[in-house]
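Structure assessment
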Amino acid sequence: MGTIRAIQYLRAAAALAVVIFHAAEKTGHDFTIGAAGVDVFFVISGFIMWVISDRRPVTPAKFIADRLRRIVPIYWFATAVMIAGALAGLFPNLVLSLDHVLGSLVFIPVRSPSSGEIWPVLVQGWTLNFEMLFYAVFAASLLLPRHLRLPAITGLFVALVTVGLVARSENALLLTYTRPIILEFVAGMILGEFWLRGKVPGATIGSSLIACSLAGFALIGGLHLPFDERTTGPLAVLLVLGALSLEASGRVPMLNLPALLGNASYSIYLWHAFAISVVAKAGGILGLPAAISMGLAIVAGTLAGIAAYAFLERPLVQRGRTSPSTVGLTGPAAQ
């Protein structure tokens, strides 16, 4: 599968939105809407998996092996850094327990002993729990005829969300895997099918969809409105569909920096928080204005992710790569 520039650029934008969100949080600012970058990542993940599986048929075992090779090594490395830092006393608020560490490493949702939240040791890895659910279900669907895959996954995820609506529970597994956010993967797959059939709107409509999406995000962020995947999910779908419309019309130029950031988006997502924490703390010690600290934290978090991509992720992926088409096409999870 050739690179879809619009998807690469959206991955870059989503990763930067998350970076800005955390940099703002650490320096006393507010950019909570940046967390919606995760919604964009999930829609992109569904789109990419659907398109890749159509153009490059693969067995369920091969699909899972490719995904694990792509996702796990660098995530385990980042988690190991967190564990080592906690043991060394660098993260005094991080409480470790065996079940939490093991659950984090094998992508099983477990409540953190530090906060009670359903977070892994590396907090931003919570999205990978959803990604792995999607990958497992998607791999199983490959056993079905193509025309049944999308209805089967859609039916299962709608059923899970329905269970979450009618069955109240504090169980970490149930709370995680019944969230409406899993429907964003389905939406991405549907967009993938539209793309494969050449059914995306024209550039004019696509531009309008992008404008509506960005206006929605801006409205939520500007007015500090509460939000979750029920509101930001549809906006993410509009954004991805609009970007695909521009791509189909040939109006997306090659831009080196956004392309690099798109390729590095998974590493940026995993590693940015380390650099942001260091810079924000240093800014406080040095008495830097909060705005300067935030700007430096954004730059540091982004550069840390690019460095991790260049020296860790890319070499690991290339060492185990069997097909160039699988590289750099997923979200944070895959992102």
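Fair warning: this is a prediction, and the values are worked out from it, not measured in the lab. (Residues numbered from 1 in each chain as written. Predicted model: local features only at pLDDT ≥ 70, side-chain atom pairs only at ≥ 80, totals over all residues. Heavy atoms only, no water.)

Comments concerning the packing of aromatic side chains
Selection criterion: Between 30 and 60 degrees the pair is tilted, below 30 it is stacked and above 60 it is edge-to-face, where a pair is any two Phe, Tyr or Trp rings, Trp via its six-membered ring, whose centres lie within 6.5 Å. Runs of H or I in DSSP of at least four residues are treated as helices and runs of E of at least two as strands, each being numbered from the N terminus. Exposure classes here rest on a 1.4 Å probe applied to the protein chains alone. A residue is buried below 20% of its type maximum, exposed above 50%, and partly exposed in between. Throughout this description, the term charge over a ring refers to an Arg CZ or Lys NZ atom that lies within 6 Å of the ring centre and within 35 degrees of the ring normal.
Tallying each qualifying case throughout the model produces 14 aromatic pairs. Here Trp271 and Phe274 contribute two aromatic rings whose centre-to-centre distance is 5.3 Å and whose plane-to-plane angle is 35°, an arrangement assigned as tilted. Separated by three residues within a single helix, Trp271 and Phe274 lie in helix H12 (residues 265-286), roughly one turn from each other. Here Trp271 and Phe274 have matching classes, each one buried. Taken together, the ring pairs connect Phe42, Trp50, Phe63, Trp126, Phe130, Phe134, Tyr135, Phe138 and Phe185 into an aromatic cluster. Positioned above the aromatic ring of Tyr135, the side-chain terminus of Arg67 is 5.8 Å from the ring centre.

Re a nonpolar patch on the surface
Convention followed: Distance thresholds for patches are 9 Å for like charges and 5 Å for nonpolar side chains (Val, Leu, Ile, Met, Phe, Trp, Tyr), applied to residues having over 30% relative accessible area and no salt bridge. We get accessible surface area from the Shrake-Rupley algorithm with a probe of 1.4 Å; when it comes to residues, only the shown protein chains can shield them. Think of a salt bridge as a Lys or Arg side-chain nitrogen and an Asp or Glu carboxyl oxygen that are within 4 Å of each other.
A contiguous nonpolar surface patch, about 510 Å² in accessible area, is contributed by Ile285, Leu286, Leu288, Ile292 and Leu296. Mapped by element, the contributors of at least two residues to the nonpolar patch are H12 and helix H13 (290-320). By secondary structure assignment, the location of Ile292 is in helix H13. Owing to a relative accessible area of 45%, Ile292 belongs among the partly exposed residues under this scheme.

Some points on the environment of Gly34
Heads up, the condition is: Only heavy atoms enter the contact rule, under which two residues are in contact if any of them lie within 4.5 Å.
Within the secondary structure, Gly34 sits in the loop between helix H1 (5-26) and helix H2 (37-55). You can call Gly34 buried: its relative accessible area is 1%. For the pair formed by Gly34 and Gly46, sequence separation is twelve residues and the distance between their alpha carbons is 20 Å. With residues up to four places along the chain from it excluded, the contact list for Gly34 reads Ala17, Val18 and Phe21.

Remarks on the pattern of salt bridges
Throughout the structure, instances matching the rule amount to nine salt bridges. Note that Arg69 and Asp66 form a salt bridge whose closest N and O atoms lie 3.0 Å from each other. Of this pair, Arg69 and Asp66 both sit in helix H3 (residues 60-87), three residues apart, roughly one helical turn. Close ionic contact of Arg70 with Glu313 constitutes a salt bridge, the shortest N to O distance being 2.6 Å. Pair noted here: Arg70 is in helix H3 and Glu313 is in helix H13, with a separation of 243 residues, a long-range link. Classification of Arg70 by relative accessible area gives buried; the value is 4%. According to the relative accessible area criterion, Glu313 is buried, its value standing at 3%.

A short note on the packing of helix H6 (residues 146-166) against helix H8 (residues 183-196)
Our working definition: Axis lines are fitted through C-alpha atoms, for helices just across the contact stretch, and the angle between N-to-C directions can take any value from 0 to 180 degrees. Here the angle decides the label: under 35 degrees means roughly parallel, over 145 means roughly antiparallel, 65 to 115 means roughly perpendicular, and every other value means oblique. Put simply, a crossing is left-handed when the front helix is turned counterclockwise from the back one by less than a right angle, and right-handed when it is turned clockwise.
Two numbers describe how H6 lies on H8: the axes approach to 9 Å, and their chain directions differ by 155°. Regarding the angle of H6 to H8, the classification is roughly antiparallel. The hand of the H6/H8 crossing is left-handed. Along its contact with H6, which presents Arg146, Leu150, Ile153, Thr154, Phe157, Val158 and Val161, the element H8 presents Leu183, Phe185, Val186, Met189, Ile190, Glu193 and Leu196.

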